[in-house]
There are 2 protein chains.
Amino acid sequence: MAKNQKQFVEEITPMEVDFAQWYTDVIKKTDLVDYSPVKGFMVIKHYGYAIWENIQAYMDRRFKETGHKNMYFPLLIPESLLQKEAEHVEGFAPEVAWVTHGGDEELAERLCVRPTSETIICSMYAKWLSSYRDLPFLYNQWCNVVRWEKSTRPFLRTSEFLWQEGHTLHETYDEAQEETLKMLNVYRETAENLLAMPVVVGRKTDREKFAGAYATYTMEALMHDGKALQAGTSHNLGQHFTKAFEIEYQDREGKQQHPYHTSWGVSTRLIGGIIMVHGDNRGLSLPPGIAPIQAVIVPIAAHKGGVNEAAAKIFEELKPAFRMELDDREQYSPGWKFNEWEMKGVPLRIEIGPRDLEQEQVVLFRRDTLEKETCSLSQVKQRVGELLEAIQKNLLEKAREMRDQKTHVVHDEETFKRIMKETPGFVKAMWCGDEDCEERVKAETGATIRCIPFEQEKLGDTCPFCAKPAEQMVYYAKAY
Amino acid sequence: MAKNQKQFVEEITPMEVDFAQWYTDVIKKTDLVDYSPVKGFMVIKHYGYAIWENIQAYMDRRFKETGHKNMYFPLLIPESLLQKEAEHVEGFAPEVAWVTHGGDEELAERLCVRPTSETIICSMYAKWLSSYRDLPFLYNQWCNVVRWEKSTRPFLRTSEFLWQEGHTLHETYDEAQEETLKMLNVYRETAENLLAMPVVVGRKTDREKFAGAYATYTMEALMHDGKALQAGTSHNLGQHFTKAFEIEYQDREGKQQHPYHTSWGVSTRLIGGIIMVHGDNRGLSLPPGIAPIQAVIVPIAAHKGGVNEAAAKIFEELKPAFRMELDDREQYSPGWKFNEWEMKGVPLRIEIGPRDLEQEQVVLFRRDTLEKETCSLSQVKQRVGELLEAIQKNLLEKAREMRDQKTHVVHDEETFKRIMKETPGFVKAMWCGDEDCEERVKAETGATIRCIPFEQEKLGDTCPFCAKPAEQMVYYAKAY
Ligand SMILES: [Zn+2]
Ligand SMILES: [Zn+2]
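Residues numbered from 1 in each chain as written. Chains lettered and ligands numbered in written order. Predicted model: local features only at pLDDT ≥ 70, side-chain atom pairs only at ≥ 80, totals over all residues. Heavy atoms only, no water.

1. Observations concerning the overall build of chain A
- Broken down by element type, chain A carries 15 helices and 23 strands.
- Over its C-alpha trace chain A gives a radius of gyration of 25 Å, about what one expects of a compact globule, namely 23 Å for 480 residues.
- Its C-alpha atoms give chain A principal-axis dimensions of roughly 80 × 55 × 50 Å.
- Within the span of chain A, comprising 480 residues, buried residues form 61% of the whole.
- For chain A, long-range pairs separated by at least 24 residues make up 69% of all intrachain contacts whose partners lie at least 6 apart in sequence. (Helix = DSSP H or I, 4+ residues; strand = E, 2+ residues; numbered from the N terminus. Rg over C-alpha atoms; globule rule 2.2 N^0.38 Å. Buried < 20%, exposed > 50% of the residue type's maximum accessible area, 1.4 Å probe, protein only. Contact = heavy atoms within 4.5 Å.)

2. Points about the relation of the copies chain A and chain B
- For these two chains of identical sequence, chain A goes onto chain B by a turn of 180° and a shift of 0.0 Å along the axis, with RMSD 0.0 Å. Between the two chains, the operation in question is that of a two-fold axis. Proximity to the rotation axis, assessed at the C-alpha, singles out Val99(A) in chain A; its C-alpha lies 2.1 Å from the axis.
- Mapped onto chain B, 100% of the interface residues of chain A again fall at the interface, so both copies present the same surface. (Least-squares fit on C-alpha atoms with pLDDT ≥ 70 in both.)

3. Comments concerning the coordination of the zinc ion (ligand 1)
Residues and elements named next belong to chain A.
- Every protein donor of the zinc ion (ligand 1) is accounted for by Cys-432 (SG), Cys-437 (SG), Cys-463 (SG) and Cys-466 (SG), and the metal-donor separations fall at 2.3 Å.
- Around the zinc ion (ligand 1), the 4 donor atoms sit at angles spanning 104 to 117°, and that spread fits a shape best called tetrahedral.
- Each donor residue of the zinc ion (ligand 1) lies on one chain, and together they are spaced C-x4-C-x25-C-x2-C. Of this pair, Cys-437 sits in helix α15 (residues 435-445) while Cys-466 sits in the loop between β22 (448-453) and β23 (472-477), and the two are 29 residues apart along the sequence.
- Exposure remark for Cys-466: the relative accessible area of 29% places this residue in the partly exposed category. (Donors = N, O, S within 2.8 Å, 3.2 Å for Na, K, Ca; no water. Tetrahedral: all angles 85-135°; square planar, octahedral: opposite > 155°, others 65-115°.)

4. Remarks on the interface of chain A and chain B
- Each side of the interface is counted separately: chain A has 55 residues, and chain B has 55 residues.
- The tally of links from chain A across to chain B stands at 26 residue pairs in polar contact (both at pLDDT 80 or more).
- When residues in the side of chain A that touches chain B are grouped by element, the largest group, 6 residues, is from strand β5 (residues 97-102) of chain A.
- Partitioned by chemical class, the residues of the side of chain A that touches chain B number 32 nonpolar, 10 polar and 13 charged.
- Relative to strand β5 (residues 97-102) of chain B, β5(A) runs antiparallel, the two being bridged by 5 bridges. In the strand pairing of β5(B), His101(A) is matched with Trp98(B). (Polar contact = N/O pair within 3.5 Å; in protein donor to acceptor, adjacent residues only side chain to side chain. Nonpolar A, V, L, I, M, F, W, Y, C, P; charged D, E, K, R; others polar. Pairing = 2+ DSSP bridges.)

5. Brief notes about the pairing of strand β19 (residues 372-376) of chain B
Residue and element names in this part refer to chain B.
- Pairing analysis gives 5 bridges linking strand β18 (residues 361-366) to β19, with the strands arranged antiparallel. Residue pairing for β19: Val-362 is matched across the bridge by Cys-375.
- Between β18 and the antiparallel strand that follows it, β19, lie 5 residues; Leu-370 among them carries a positive phi value of about 60°.

6. A closer look at the pattern of salt bridges
All names here are of chain A.
- For the structure shown, the criterion picks out 78 salt bridges over all chains.
- A salt bridge links Asp-34 to Lys-28; the shortest N-O distance between them is 3.1 Å.
- Note on Lys-28: relative accessible area 38%, which makes it partly exposed.
- Put simply, Arg-440 and Glu-444 hold a salt bridge, and the shortest N to O gap is 3.2 Å. Highlighted residues: Arg-440 and Glu-444, both in helix α15, separated by 4 residues, approximately one helical turn.
- Overall, Glu-444 belongs to the partly exposed group, its relative accessible area being 43%. (Salt bridge = Lys/Arg side-chain N within 4 Å of Asp/Glu carboxyl O.)

7. So, the sheet that holds strand β16 (residues 324-326) of chain A
Residues and elements named next belong to chain A.
- Strand order across the open sheet formed by 5 strands is β16-β15-β17-β18-β19, with mixed pairing between neighbours. Bordering the open sheet on either side are β16 and β19 (372-376), each of which pairs with just one other strand. Each adjacent strand pair in this sheet contributes to an overall mean axis angle of 25°, direction not counted.
- Seen against the sheet, helix α13 (residues 380-405) touches β17 (348-352), β18 (361-366) and β19 and runs at an angle of roughly 10° to β18. (Axes fitted to C-alpha atoms, helices over the stretch in contact; angles between N-to-C directions.)

8. Remarks on helix α11 (residues 334-343) of chain A
- Burial runs high along α11(A): 7 of the 10 residues are buried.
- The positive-phi residue at the C-terminal boundary of α11(A) is Gly345(A), with phi of around 75°.

9. Remarks on unusual backbone geometry
- Residue Pro136(A) follows Leu135(A) across a cis peptide bond; omega there is -5°.
- Relative to the helices and strands, Pro136(A) resides in the loop between α6 (118-128) and β7 (137-146).
- One non-glycine residue with positive phi stands out, namely Asp31(B), at about 60°.
- For Asp31(B), the position within the fold is in the loop between α2 (19-29) and β1 (33-35).

10. Re helix α14 (residues 413-422) of chain A
Residues and elements named next belong to chain A.
- Residues of α14 that are buried include every one of Glu-413, Phe-416, Ile-419 and Met-420, and no others. Buried residues of α14, seen end-on, are gathered within an arc of 130° and therefore sit on one face of the element. More than 90 degrees from the buried face of α14, the exposed residues found are Glu-414, Lys-421 and Glu-422.
- On its buried face, α14 is in contact with β20 (407-409), β21 (426-431), α15 and β23. (Arc of directions from axis to C-beta.)

11. Observations regarding the coordination of the zinc ion (ligand 2)
Residues and elements named next belong to chain B.
- Surrounding the zinc ion (ligand 2) are the protein donor atoms Cys-432 (SG), Cys-437 (SG), Cys-463 (SG) and Cys-466 (SG), at 2.3 Å.
- If you look at the zinc ion (ligand 2), its 4 donor atoms make angles of 103 to 117° with each other, and the shape they trace is tetrahedral.
- Spacing between the donor residues of the zinc ion (ligand 2) along their common chain follows C-x4-C-x25-C-x2-C.

12. A few points about the packing of aromatic side chains
Residue and element names in this part refer to chain A.
- Taken as a whole and judged by the stated rule, the model has 44 aromatic pairs over all chains.
- Look at Tyr-332 and Trp-336: their rings are 3.9 Å apart centre to centre, the planes differ by 10°, and that puts the pair in the stacked class.
- Overall, the relative accessible area of 21% leaves Trp-336 in the partly exposed class.
- Among the aromatic residues, those joined into a cluster by ring pairs are Trp-52, Phe-63, Trp-142, Tyr-187 and Trp-264. (Phe/Tyr/Trp six-rings, centres within 6.5 Å; stacked < 30°, edge-to-face > 60°.)

13. A closer look at the environment of Ile121(B)
Residues and elements named next belong to chain B.
- Take Ile-121: it is sitting in helix α6 (residues 118-128).
- Assessed through its relative accessible area of 2%, Ile-121 is described here as buried.
- Sequence spacing of Ile-121 and Phe-73 is 48 residues, and the spatial spacing of their C-alpha atoms is 7.0 Å.
- Sequence-distant contacts of Ile-121, that is, excluding residues within four places in its chain, are made with Phe-73 and His-167.

14. Focus: the sheet that holds strand β21 (residues 426-431) of chain B
Residue and element names in this part refer to chain B.
- Taken in spatial order, the 11 strands of this open sheet run β3-β7-β8-β14-β11-β10-β9-β22-β23-β21-β20, and their pairing is mixed. Looking along the sheet, the strands with just one partner apiece sit at the ends: β3 (69-70) and β20 (407-409).
- Where β20 meets β21, 3 bridges bridge the pair, whose relative direction is parallel. Paired with Thr-407 across the two strands is Phe-426, which belongs to β21.
- Across the sheet, helix α13 (residues 380-405) touches β9 (200-203), β10 (215-222), β20 and β21, and the angle it forms with β20 is around 35°.

15. So, the domain arrangement of chain A
Residue and element names in this part refer to chain A.
- Here the domain parsing of chain A yields domain 1 (15-278), domain 2 (295-392) and domain 3 (407-477).
- Between domain 1 and domain 3, the contact holds 20 residues from the first and 18 residues from the second.
- Linking domain 1 with domain 3 are 2 salt bridges, by the criterion used here.
- The partner of Glu-220 in a salt bridge is Arg-450, with the nearest N and O atoms 2.9 Å apart.
- Our enumeration of links across domain 1 and domain 3 arrives at 7 residue pairs in polar contact (both at pLDDT 80 or more).
- Listing elements by their share of the side of domain 1 that touches domain 3, those giving two or more residues are α7 (173-194), β9 (200-203), β10 (215-222) and β11 (228-238).
- Of the residues assigned to the side of domain 1 that touches domain 3, the class counts are 8 nonpolar, 5 polar and 7 charged. (Domains from an automatic or database assignment.)

Quick look at the structure:
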């Protein structure tokens, strides 16, 4: 290992030594994020924000293809609105930020900074809906939300984060259920196809569902340290909110009805997932689909005749097709640049030096496999496209392998506890359906039921914890 | 006028009768916006938000082409940070919303909801900047801001609005000044090329400049009622903030220096400008560049053989090239639809009925000129493209004519007062440069100096109000 390479690597704590410190090192050293003067609030720096922009662009297109339109609802919600749905206010009131003064004046009613927008949106839907002809309502918003968190970690749990929240109304329960699952599926496809992040999809237990939901569906991803990340949720809200907010319409028979309601959201938390699923001890490793820079060109011995010019030419050729960077900074050596771009997780590096020029070729380096190959100048564009596709696929496959390797089937409590302690990951087990049993497992092991997966397997007939009859298989894990 | 057409038109108060009511009618009836349960906060509905998305897409591309990257900074700013720059806090403190509680706990220090982000961004820039090699810093953010307004109007002045704010740091005053003017020029081009909204560009007087700025530059547009709209501002902030926030770097000679600083922003206010510049008594008239729907297809006698199929075929052909809508709703008559889409300002309507089908043609209707023409089926795509371009140009030209017609040159106070009272608009006049004189004109007429334009004309030697020597020509107007 060259000297400067070693120095770079030493800046990042190995994940086996201290995963939390590894995470902190990586996000700080790669311009993804920084801590702000307000505790729990972070600055998303350009490299991190560009990942979010790529996620947004893909998802926004998918939302529009599925018939949704964007709106923007107010940041501040009157306390009285928040209180209209009982479970909802109980779930969110402890973690909202309250605005009490506007300028020098104390407000007659406190306003909360939105932790989520069901209440304010329902108050508007009640105004807008009158006939079954108006349905479905299919709206989404991209915005910031605030939840006052005691203990925070960048991207994973912060007092403010960016997200999208879809809010829809439907004539029937079945249509609402179909929408709930359709959007969960859009999330799953985003995770797998764009983020190369395999997920388990299923329903949350009542204990873990959204405050005010009839049923919550989730996608759960597994991180390198064996902890699960809830990466996106879709809620069938039934008529809980539409009744509380008196949203009514005249149905096809002329009768007044409450519509059925869904909401669904993913957030900048996804970026934390990308880091912890694909990263390694060299730093980030970004899927080409969301990488702010898909390929970086590094000239070698750039002062020698023609190298910089050739690098610039390749850059101009590739720029219209890929997100490119030409690193022609003079104050850094090629080795230093190699390491920096590896740390920043750029999927592909293109090296070109005097000898390459002579042979009319470049060297291509893959961040995911650390493999090098040469490629003739005339083939660069095509080969870069092929390799980016291959990297995207390989990252998904590697992540699947990692997850499968960390997924265990368990039939007894002792094994469960040993696994959660020694080799944490997903544990598949049968569940009795009892909330007290679920609660005891959490209290004793720190693991929660992540979901009741759609893909069921019959692992046995009884619950490993209480020996009562069990009909459902669930995924357990410790979670972020 | 057909019955249903009359009915539609009657829903909108004529602008000559009551311009404010006309504006309110138009925005409410066209799904641009709605009032929320929180006074001064509005909901931007899908039709309005889609305009904002189109503006964002264009501007974001221009920002990136000029070397800027996006970041995201926290919503909440500690009171102590806001107070670091004296003029700034004086300007903004009276209109900020204060967060005093997180969950059940009272905060040790109040946090304000950002009214603009100079202070929080400068606190981060102080951490990030160390060497001249790091400069320039060229960052932007798209976000929401809150300013507690006593009297509000949708888009024009609301307690919360969406905007972008660019914040840059530079080695020299000259570079900062160049950036300030460069971004003002991007704004001017956005206004003229995308929004078809002609603007006057120039510098603000010291009285009207941004709180904490060395100099503020502005673009000012003229509305149908003769009032001006400040449509975008770009500030050269000098070293005011970089000194207050102790932002320092080592310069090329190894000395510690404070960098020079700019900020610049436009907001959803632009949508108010589009409405008031192009709208008429039929409702909106949207420039194709930002219209959510550029052309709508309305089938006539749709039940007759082949009409719906032909309409659908045209829709499929045009959809990849233009933002299209096919209005095949059965519960509304063609006349009703014509009026609705005219009200919503869709630039082009494509009508197709049985007789058109026979003659293998469609009828094209321009919202800007209210003119109809026929076009053979085989030419539709090309002709739609040509007409959208023609409409975009024509709207800019019409707006220029309107503005020029409402722009007056004035040499004496009496004429000034008569114009401001009877036929308000821009008044070009010489100015002595005295703030007291400026203040008196405002107090007596309600008109302010909108800017000292870059394009100067020597209209005389003295100030019309105080008869003192005057070297600068300024634009006066009443303003939103
Ligand atoms: Zn059990
Ligand atoms: Zn004067």
